[in-house]
Structure formats: structure tokens, C-alpha cells
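Structural features, examined
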Amino acid sequence: MEVLNCPLLSVNVRVWRFWSFVLVHNWRRYISIIPVTALNVFMFADLYRAWGNIEEVIINAYFAVLYFNAVLRTLILVYNRDKYESFLAGAASVYEEIRAINDDVITKLVSTYTKRARFLSISNLALGAFISGCFVVYPLFTGQRGLPYGMFIPGVNNFDSPQYEIFYITQLVLTFPGCCMYIPYTSFFASSTLFGLVQIKTLQHQLKTFRSSEMLNESTVVLNRKLQKLIEDHKRIIRYVQDLNDLVTYICLIEFLSFGLMLCALLFLLNIISVMAQIVIVGAYIFMILTQIFAFYWHSNEVREESMAIAQASYSGPWLNVDDTIKKKLLVMTIRAQRPLEITVGNVYPMTLEMFQSLLNASYSYFTLLRRVYN
């Protein structure tokens, strides 16, 4: 199966293909990456210009970090496109193999997770487009000239005509490719981990039922053949999670550091502003950071927990009256499954809900320290 025809992965891959980040190479790649990167440079220049005005710096830093992560994700994706394409092609092939299994439980499992992955991908794109649209039109309702994102070009006054109109329209146009550079990667991560769960739960089900009650007289050779296939599936799952970790681990590290700092800064800003409209906006920024980080950590945590549940599934299988060679293979498989499959932050810390809680605790601790120093 081609990855574009794989319903679990195709939504994000089609967006990437449209912008020629993967599968094809054309002019769309350059008209998205180069202008958005230039905009991001001017956004960081504006942070230097506004240094000292803490409210303006924190708000503009949020967008600068957001666009920086979008550019970084895309550059890594394009640079390692061969690895991503190989990973996606392999996932599509395994998806077709699992979907072809004649088992009602597995069929329902594949259908459920496919719908969930597609819903996440489509809803993320729709929500991202809506929120980006709000960012862009908000300055029109402030009663004064303002740009959606702070930017500074030396020697140019952003708010004089016609520069203001040109910059506003430019930011309006670049919001769309910026959204497509950022959001599909988050959805790709979620969809890939969901497919990892499909593989893991399929293996769990097959381990529990590899010797059916209707065929208790199956020969040792047949059972050995079935179990060997399950062992190969387990090895494939291990490689799959390791490959996914290799693709995303350093991006997770950058986001761990940048969003942790931004969460601390936004909490501090929420503490010092008094205008209700600003409080609502900053609260929305905090909510978006939390949902973004939580999506990564929750899905990674699910993969970790379910991978260890393979050991329980192996033990729960019908192994009592089988040959000792099969028991030994099941024992080895159980021991290996007790080592969790993990997606890590910079190949250092596993992405678990405990780690997510630690990030929140650290951000809040730095926020209280910053508030005390500021007061």
C-alpha cells in the first residue's frame, strides 16, 4: 500500500506532499520555507528591539518560538526526507498487512484507531487554521495599527503606509504555510504513536489466542510457526518505535526546552497584566502550549505502558499444555517485553506523564522565582 492511500497516515502526508516536503520536490518547498524563515528572523530581531518591555517581549517571543519550531521541524523533515519516506512506506505496508488479518477483534481495533488518527489530524488542521485566523485578524479590532506578529526591519517603520499594508498582507499569507509547517508534524507524531498502539494491541490479542480452543490438537510444528511469526512481529514493533524515536527525539528536546520556558514566561505575564482581554489571550496561549505538550507525552506514555503489557498478554496465553520449546520462547519474549519501548526527549528522558508533570512543576517553580525577583 502506498502511504498516500493509508487512511491512518495520509492526512498529514498529503499536506507535506502538497508543499513538497516529502515524496516530491518542486517550487512549493521554497516559497514556504524561505519566506517563513525570513519572517522568523525579523521576529527575533523585534525581540531585541523591544528588550526591556517585558509584556511585549513575552507575547512576541511566543510567536517567535512557535515559528522557530515550525521552521526547525520542516528543515529536519526535508533534510531527513529519505528516512521519513522509508518510515512512512514501512508503516503503510504493515498497516495493510494487519488490516488483512481475518479477525473481528483486530478489524475493529484497526478501524477504531484509524478513525481516531484521522479525527486528530483533521481537527488539528481545522483548529490550527481557526486559531491562526484569529491571530491574524485580532489587530484589526484593537483600534490602532498593529501586526499579527511583531517584526523589526532596521531602517523601516512598520506602521507607515504602504509598508504597514504590505507587511500585514505578507504575514496574513505566510500564516497558512506556517500553519502547514507546524501542525502536520504534531499530527504525524500522534498518528505514528497510534499506529504503534495498533501493532502492540494486535500482538497482545494474537498472543492470547495463538492456540485456539477449537484446535487444541495443533502440532508443535504449527504452534512453533505461529509463535515465530509473533516473535518477528514483536521485533518489528521494537524497530518501529526505535525508528520513530530517532526521527522525533531532538525535536521533542527543543520543544521541551522552548515551551517549558515559554510556559514559565506566560504564567509570569498572566500575573502582571490586568486587562481582561489580555488575560484571555495569554490564557489561550498557555492552553495551546499545554495541549501541544500533553499530546506528545500522553501518546508516548501509552506506547510505553502498552508495550510492557505484551508481557502480561504472553503470560495470559494458552501455554500450559504446549511443548517446552514453545514455553521457552514465550519466556524469552516475556522477559524482553518487560523492557518498555520508549520515545525519549533528546535520547535522555522517556516521554511519560510523570515527565510531563515534572515539566509543569519546573515551569511553575521558575515562575514563582521570577515573580519573587520581579516584586
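What you see as residue numbers is a count from 1 along each chain, following the sequence as written. Note on the predicted model: pLDDT of at least 70 is required for a residue's local features to be given, and 80 or more for side-chain atom pairs to be given and counted; whole-chain, interface and lining totals, by contrast, use all residues. The side-chain values count all of the structure's non-hydrogen atoms but skip hydrogen atoms and water molecules.

**What to know about the overall build of the chain**
A helix here means a DSSP run of H or I that spans at least four residues, while a strand means a run of E at least two residues long, and both kinds are numbered starting from the N terminus. Scanning the chain from N- to C-terminus turns up 10 helices and two strands. When the helices and strands of the chain are placed in sequence order, the string is α-α-α-α-α-α-α-α-α-β-β-α. Each principal axis of the C-alpha atoms in the chain carries an extent, and together these give about 85 × 50 × 30 Å. Each residue gets one of three labels from its accessible area relative to the maximum for its type: buried under 20%, exposed over 50%, partly exposed in between, using a 1.4 Å probe on protein chains only. Each of the 375 residues in the chain was classed as buried or not, and the buried ones make up 48%. Residue contacts are defined here by distance: any two heavy atoms, one from each residue, within 4.5 Å place the two residues in contact. Pairs at least 24 apart in sequence give 77% of the contacts found in the chain among residues at least 6 apart. Here the open area of atoms and residues is found with the Shrake-Rupley method and a 1.4 Å probe, where only the protein chains shown may cover a residue. Put simply, the chain shows about 18,600 Å² of open surface, and 63% of that area lies on carbon and sulfur atoms.

**Some remarks on unusual backbone geometry**
S161 connects to P162 through a cis peptide bond whose omega is 0 degrees. Tracing the backbone through its elements, the reader meets P162 in the loop between α5 (104-137) and α6 (163-209). Even without being glycine, S20 reaches a positive phi, approximately 60 degrees. Relative to the elements of secondary structure, S20 occurs in the loop between α1 (10-18) and α2 (28-49). Not every positive phi belongs to a glycine, and N347 is a case in point at roughly 60 degrees. Since its relative accessible area comes to 40%, N347 is described here as partly exposed.

**Comments concerning the UniProt feature "transmembrane region" (unreviewed entry) in the chain**
UniProt positions are given in the numbering used here, feature names are shortened, and annotations may be inferred rather than shown by experiment. In this numbering, the UniProt entry assigns the feature "transmembrane region" (unreviewed entry) to residues 30-51, 57-79, 119-141, 166-185, 247-269 and 275-298. End C-alpha to end C-alpha, residues 166-185 measures 30 Å, and it is 100% helix and 0% strand.

**Focus on the packing of α2 against helix α3 (residues 54-79)**
Running from N to C, α2 and α3 point in directions that differ by 150 degrees, and their axes come no closer than 9 Å. Considered as vectors, α2 and α3 are oriented roughly antiparallel to each other. Crossing of α2 over α3 shows left-handed handedness. Contact with α2, carried on its side by R29, I33, V36, T37, L39, N40, M43, F44, D46, L47 and R49, involves E56, V57, N60, A61, F63, A64, Y67, F68, V71, T74, L75 and V78 of α3 and no other residues of that element. Between the N-to-C directions of two axes lies an angle of 0 to 180 degrees, each axis being a line fitted to C-alpha atoms and, for a helix, fitted only over the stretch in contact. Note that the term roughly parallel is reserved for angles under 35 degrees, roughly antiparallel for angles over 145, roughly perpendicular for angles of 65 to 115, and oblique for everything else. Handedness of a helix crossing follows the sense of rotation of the near helix relative to the far helix, less than a right angle counterclockwise being left-handed and clockwise being right-handed.

**Observations regarding the environment of E306**
By secondary structure assignment, the location of E306 is in helix α8 (residues 276-315). When the C-alpha positions of E306 and L353 are compared, they lie 14 Å apart, and in sequence the two are 47 residues distant. Each residue touching E306, except ones within four places of it in the same chain, is listed here: L197, I200, K201 and Q204.

**Looking at the environment of N158**
Structurally, N158 can be placed in the loop between α5 and α6. Taking the C-alpha atoms as reference points, N158 and Y285, 127 residues apart in sequence, are found 25 Å from one another. Excluding residues within four positions of it along the chain, N158 makes contact with L147, M151, F152, Q163, Y164 and F167. One polar contact links the side chain of N158 to the main-chain carbonyl oxygen of M151, over a distance of 2.5 Å. Throughout this description, a polar contact denotes any pair of N or O atoms lying within 3.5 Å of each other; where both atoms belong to protein, one of them has to be capable of donating a hydrogen while the other can accept it, and for residues adjacent in sequence the pair is counted only when both atoms sit in side chains.

**Some remarks on the side chain of Q204**
With respect to the helices and strands, Q204 occurs in helix α6. According to the relative accessible area criterion, Q204 is buried, its value standing at 10%. Contacts of Q204, omitting those with residues within four sequence positions, involve E306, A309, I310 and A313.

**Quick word on α6**
Helices are assigned an expected span. That span is 1.5 Å times one less than the residue count. Compared with the 69 Å implied by 1.5 Å per residue over 47 residues, the 69 Å span of α6 between its first and last C-alpha is a close match. Remark: the principal bend of α6, roughly 30 degrees, maps to T175, with a proline, P177, within the next four residues. Along α6, 36 of the 47 residues are buried, which leaves the element largely enclosed by surrounding structure. By definition, a residue's bend is the angle between the axes fitted to the seven residues ending there and the seven starting there.

**Here we look at the packing of aromatic side chains**
Pairs were defined over the aromatic rings of Phe, Tyr and Trp, the Trp ring being its six-membered one, requiring ring centres within 6.5 Å. Orientation was assigned from the angle between planes: stacked under 30 degrees, edge-to-face over 60, tilted for the rest. Applying the stated criterion across every chain yields a total of 26 aromatic pairs. Where F63 meets Y149, the ring centres are 5.2 Å apart and the plane angle is 55 degrees; that geometry is what we call tilted. Here the residue F63 occupies a position in helix α3, and Y149 occupies one in the loop between α5 and α6, the gap between them amounting to 86 residues. On the basis of relative accessibility, which here comes to 1%, the residue Y149 falls in the buried class.

**As for the packing of helix α4 (residues 81-99) against helix α7 (residues 220-272)**
Two numbers describe how α4 lies on α7: the axes approach to 11 Å, and their chain directions differ by 145 degrees. Crossing angle aside, the handedness with which α4 passes α7 is left-handed. When α4 is examined against α7, the residues K83, Y84, F87, A91, V94, E97 and I98 are found in contact with a partner set consisting of K229, D233, R236, Y240, D243, L244, L247 and I251. Of the residues in the contact of α4 with α7, the class split is nine nonpolar, no polar and six charged. Charged means Asp, Glu, Lys or Arg here, nonpolar means Ala, Val, Leu, Ile, Met, Phe, Trp, Tyr, Cys or Pro, and polar covers whatever is left, Gly included.

**Looking at the pattern of salt bridges**
Here a salt bridge means any side-chain nitrogen of Lys or Arg lying within 4 Å of a carboxyl oxygen belonging to Asp or Glu. Counting across every chain of the model gives 13 salt bridges. A salt bridge links D233 to K229, with the nearest nitrogen and oxygen atoms 2.8 Å apart. Residue D233 and its partner K229 are located together in helix α7, separated by four residues, close to a single helical turn. On the accessibility criterion, D233 (7% relative accessible area) is buried. E342 is the partner of R304 in a salt bridge, and the nearest nitrogen-oxygen pair spans 2.8 Å. A residue pair is termed long-range when its members are at least 10 positions apart, and R304 in helix α8 and E342 in the loop between α9 (324-337) and β1 (344-345) qualify at 38 residues. For R304, a relative accessible area of 21% gives the class partly exposed. Linked by salt bridges that have partners in common, E97, K229, D233 and R236 make up one network.

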